Amino acid sequence: MNYDVIIIGAGPAGLAAGIYGKRAGLSVLVLDSSPISGGQILSTYEVDNYPGIPGVSGADLGKSLREHCDTLGVEFAKGRVTSIIDKGNTKEIVTKKQTFIARAVIVATGASNRKLGCKGEEELSGMGVSYCATCDGAFFKDKKVAVVGGGDVALEDALYLARSCKEVYLIHRRDEFRGAAVLQEQVKNTQNITILFDTTVDSINGDGPVESITTVNKNTGSCKDVAVDGVFVAVGTVPNTGSIAGLPDQDAAGYIIADETAVTSIPGIFAAGDVRTKQLRQVITATADGANAITSVEKYFQGK
């Protein structure tokens, strides 16, 4: 069957695009390789910054977005997309088992947080291990936390958390930060931020919630347990683009080059959510991208 638009990915951006697509009277198929719709928010214990519904769990928000799609009649299919073939007025979306055809494609495959790869990280994800300080920082008021990383995001996270947390340990594997000089200066002048250079995290420990981390000094090899209630990993993200051939132009990091219109280098292929180049990667910006992408799809169909 041919569709007006096929959306690759069922996170907030893809689901929002599905909602707006059906409301626009388009035939819509959402393709996703995951068994449950929702994307990264499914691993978030509580989403407290989505306007109008504070304190909602990531699982509940993902379920609500999917149910909204189901109510409108959005079609879903499971499949891992391996390539997109541009045929001009139509696009072939190839999965391991079958090929789908659409007039337009929205790539909303998202991005994955770059992991530390240490013991306890996966097990305690959502139980004190977080990849978003602005999302989860409020839950650690008056507590001790660690931020791991040395770029702008890590420095900004440390400063943000220092406003409400009792103590912040900023851990970086090198002997100097990579972030902006102005941020470095602010971090160094913030009393409740302790900087640990030349240090890596060997393990994140806890029976249930996070209780401590074990650090290793790269110069001396000495290990040290640091009591913390939370660990914020800020070592970058990885766009989920590597396994799909035929994608539009990407930047050096692999993100699809597109602004808020979702328009890419290939006419008829659009990018929405965390997979595209953007300043802020949050649920609210992802859903906005999904809506904007459908508006651009409509303009594309109209020849504008």
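Refer to the structure printed above.
Note that the coordinates shown come from a computational prediction; the quantities given were computed from them, not determined experimentally.

Draft legend 1. Quick peek at the packing of helix α1 (residues 12-23) against helix α6 (residues 283-301). Where α1 contacts α6, the two axes come as close as 7 Å, and the packing angle between them is 40 degrees. Relative to α6, the crossing made by α1 is right-handed. In contact with P12, A13, A16, A17, Y20 and G21 of α1, α6 contributes V283, A286, T287, G290, A291 and I294. Class assignment for the residues of the contact of α1 with α6 results in 9 nonpolar, 3 polar and no charged.

Draft legend 2. Main features of the side chain of T215. Examined against the element boundaries, T215 turns out to sit in strand β13 (residues 212-217). Owing to a relative accessible area of 5%, T215 belongs among the buried residues under this scheme. Discounting residues that sit within four places of it in the chain, T215 has contacts with I171, T199, T200, D202, S222, C223, K224 and V226.

Draft legend 3. Here's a closer look at the nonpolar core. I7, V28, L61 and I106 are the most contacted members of the largest nonpolar core, which totals 29 residues. Mapped by element, the contributors of at least two residues to this core are β1 (2-8), α1, β2 (28-32), α2 (58-72), β6 (99-107) and α6. In terms of residues, this core owes the most to one element, α6, which gives 5 residues. Not counting residues within four places of it along the chain, the set of residues in contact with L61 comprises I41, V47, Y50, I53, V56 and V283. In this structure, I6, V81, I266 and V275 belong to the second largest nonpolar core, which totals 21 residues.

Draft legend 4. The sheet that holds strand β14 (residues 223-227), seen in detail. Ordered by their spatial adjacency, 3 strands build an open sheet running β12-β13-β14, and the pairing between neighbours is antiparallel. Looking along the sheet, the strands with just one partner apiece sit at the ends: β12 (199-205) and β14. The sheet shows a mean angle of 30 degrees between the axes of neighbouring strands, direction not considered.

Draft legend 5. Highlighting unusual backbone geometry. Phi is positive for D198, close to 50 degrees, though the residue is something other than glycine. Looking at where D198 falls in the secondary structure, it is placed in the loop between β11 (193-196) and β12.

Draft legend 6. A look at the state of the cysteines. In total, this model carries 1 disulfide according to the counting rule given. In this model C132 forms its disulfide with C135; the gap between the sulfur atoms is 2.2 Å. Given an S-S torsion of about 70 degrees, the disulfide between C132 and C135 has right-handed geometry. Exposure remark for C132: the relative accessible area of 17% places this residue in the buried category.

Draft legend 7. Representation of the pattern of salt bridges. The tally for this structure, following the rule as stated, stands at 6 salt bridges. Two residues, D289 and R276, come together in a salt bridge whose shortest N-O distance is 2.9 Å. With D289 in helix α6 and R276 in the loop between β17 (269-271) and α6, the pair connects residues that are 13 residues apart, well separated along the chain. On the accessibility criterion, D289 (4% relative accessible area) is buried. The buried category is assigned to R276, whose relative accessible area is 8%. Three or more residues are tied together by salt bridges with common partners; here these are R276, K278 and D289.

Draft legend 8. Spatial organisation of the packing of helix α4 (residues 152-162) against helix α5 (residues 181-188). Contact pair α4 / α5: the axes reach a minimum separation of 10 Å and the direction vectors enclose 35 degrees. As α4 packs across α5, the resulting crossing turns out to be left-handed. Here D152, L155, E156 and L159 of α4 lie close against α5, whose contacting residues are L183, Q184, Q186 and V187. Tallied by class, residues from the contact of α4 with α5 come to 4 nonpolar, 2 polar and 2 charged.

Draft legend 9. Representation of the packing of aromatic side chains in the model. Summed over the entire model, instances satisfying the criterion amount to 4 aromatic pairs. Ring geometry for F140 versus F232: centroids 5.4 Å apart, planes at 75 degrees, classification edge-to-face. Residue F140 is located in the loop between α3 (133-136) and β9 (144-148), and its partner F232 is located in strand β15 (residues 230-233); the two are separated by 92 residues in the primary sequence. For F232, a relative accessible area of 0% corresponds to the buried category. On the basis of an interplanar angle of 45 degrees and a centroid distance of 5.9 Å, the ring pair of Y300 and F301 is categorised as tilted. According to the relative accessible area criterion, Y300 is partly exposed, its value standing at 23%. Overall, the relative accessible area of 22% leaves F301 in the partly exposed class. Through a chain of ring-to-ring contacts, three or more aromatic side chains come together here, namely F270, Y300 and F301.

Parameters at a glance
Along every chain, residues carry numbers that run from 1 in the direction the sequence is written. Per-residue local features are limited, in this predicted model, to residues with pLDDT of at least 70; the limit for side-chain atom pairs, both in listing and counting, is 80 or more; totals at the level of whole chains, interfaces and linings are taken over all residues. To get the side-chain values, all heavy atoms of the structure are used, and hydrogens and water are removed first. Angles shown run from 0 to 180 degrees and are taken between the N-to-C directions of axes, each axis being a line fitted to C-alpha atoms and, for helices, limited to the stretch in contact. Helix numbers and strand numbers start at the N terminus; a helix is a DSSP run of H or I with at least 4 residues, a strand a run of E with at least 2. Crossing handedness: left-handed means the near helix sits turned counterclockwise from the far one by under a right angle, and right-handed means the same turn made clockwise. Contacts are assigned to residue pairs that have any heavy atoms within 4.5 Å of one another. Residue type decides the class: Asp, Glu, Lys and Arg count as charged, Ala, Val, Leu, Ile, Met, Phe, Trp, Tyr, Cys and Pro as nonpolar, and the leftover types, Gly among them, as polar. The buried label applies to any residue whose accessible area, calculated with a 1.4 Å probe on protein chains only, is under 20% of its type's maximum; exposed applies above 50%, and partly exposed to all values in between. Take the buried Ala, Val, Leu, Ile, Met, Phe, Trp, Tyr and Cys residues and link them wherever side-chain atoms come within 4.5 Å; each set so joined is a nonpolar core. If DSSP finds at least two bridges between two strands, the strands pair. Any cysteine sulfur atom paired with another within 2.5 Å is treated as part of a disulfide. We count a salt bridge whenever a side-chain nitrogen from Lys or Arg sits within 4 Å of a carboxyl oxygen from Asp or Glu. The aromatic pairing rule takes the rings of Phe, Tyr and Trp, using the six-membered ring of Trp, and pairs them if the centres are within 6.5 Å, calling planes under 30 degrees apart stacked, those over 60 edge-to-face and the rest tilted.

The values are spatial; any link to function lies outside them.
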